[in-house]
Amino acid sequence: MLFEKIGIALLMMFLSTIIHALFMIGGNHTLEWRLIRYGPAKGHFGRAVWIWLLTLWMFLAIVIEAWLWALVYLNNAAITETPDLHTAFYFSMVTFTTLGYGDIVLTEQWRTLASIQAANGVIIFGWTTALIFYFIQRIYKKD
């Protein structure tokens, strides 16, 4: 039973990593395309818009990853009692962000899954933060 939990958690971490990597590559390619085609954004407002768009893009990746975790919770009554997709997604986002209100909890045998999701979230948010700083550096780089 322990290996089943670890297996599910590792699969979910793998999927989160793949999704995040694809969004990172997409964001980077879009930024490179923009810089090559039009050159650096002019003025602080233009640069801020690009930073905002890329940040929003990476947040979309996080939301998709949290939805995948929510589907795991929703489709297995042995893990938690989440009556609907909204509740499952809420629990997943609270766990992924490590906020952890505690108003919805996993069954005793599956609590490790939530802690692994929280660790996954810490890694993903750290990665996202690094990417945003990379994007800012590229946007403000003087050629």
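In what follows, the structure referred to is the one given above.
Scoring rules and cut-offs
Residues numbered from 1 in each chain as written. Predicted model: local features only at pLDDT ≥ 70, side-chain atom pairs only at ≥ 80, totals over all residues. Heavy atoms only, no water. Helix = DSSP H or I, 4+ residues; strand = E, 2+ residues; numbered from the N terminus. Buried < 20%, exposed > 50% of the residue type's maximum accessible area, 1.4 Å probe, protein only. Contact = heavy atoms within 4.5 Å. Core = buried A, V, L, I, M, F, W, Y, C linked by side-chain atoms within 4.5 Å. Axes fitted to C-alpha atoms, helices over the stretch in contact; angles between N-to-C directions. Parallel < 35°, antiparallel > 145°, perpendicular 65-115°, else oblique. Nonpolar A, V, L, I, M, F, W, Y, C, P; charged D, E, K, R; others polar.

Draft legend 1. Examining the overall build of the chain more closely. Per the secondary structure count, the chain includes 4 helices and 0 strands. With the principal axes as the frame, the chain shows a C-alpha extent of 55 × 25 × 20 Å. Here the chain, with 143 residues, has 41% of them falling under the buried criterion. When contacts within the chain are restricted to residue pairs at least 6 apart in sequence, those whose partners lie at least 24 apart make up 71%.

Draft legend 2. Structural view of the nonpolar core. Counting residues in hydrophobic clusters, the biggest one holds 17 residues, and the most contacted among them are W69, Y73, I79, F91, L106 and L113. Only α1 (2-38), α2 (43-74), α3 (85-96) and α4 (111-140) provide two or more residues apiece to this core. Once you skip the residues sitting within four places of it in the chain, L113 turns out to touch K5, I8, A9, W69, V72, Y73, I79 and L106. Core analysis: the second largest hydrophobic core is formed by 13 residues, L31, L54, L131 and I139 among them.

Draft legend 3. Spotlight on the packing of α1 against α4. At a closest axis distance of 10 Å, the pairing of α1 and α4 adopts a crossing angle of 10°. Considering their axes alone, α1 and α4 lie roughly parallel with respect to each other. When the residues that make up the contact of α1 with α4 are grouped by side-chain class, the tally is 17 nonpolar, 7 polar and 3 charged.

Fair warning: the whole summary comes from geometry, so function is off the table for now.
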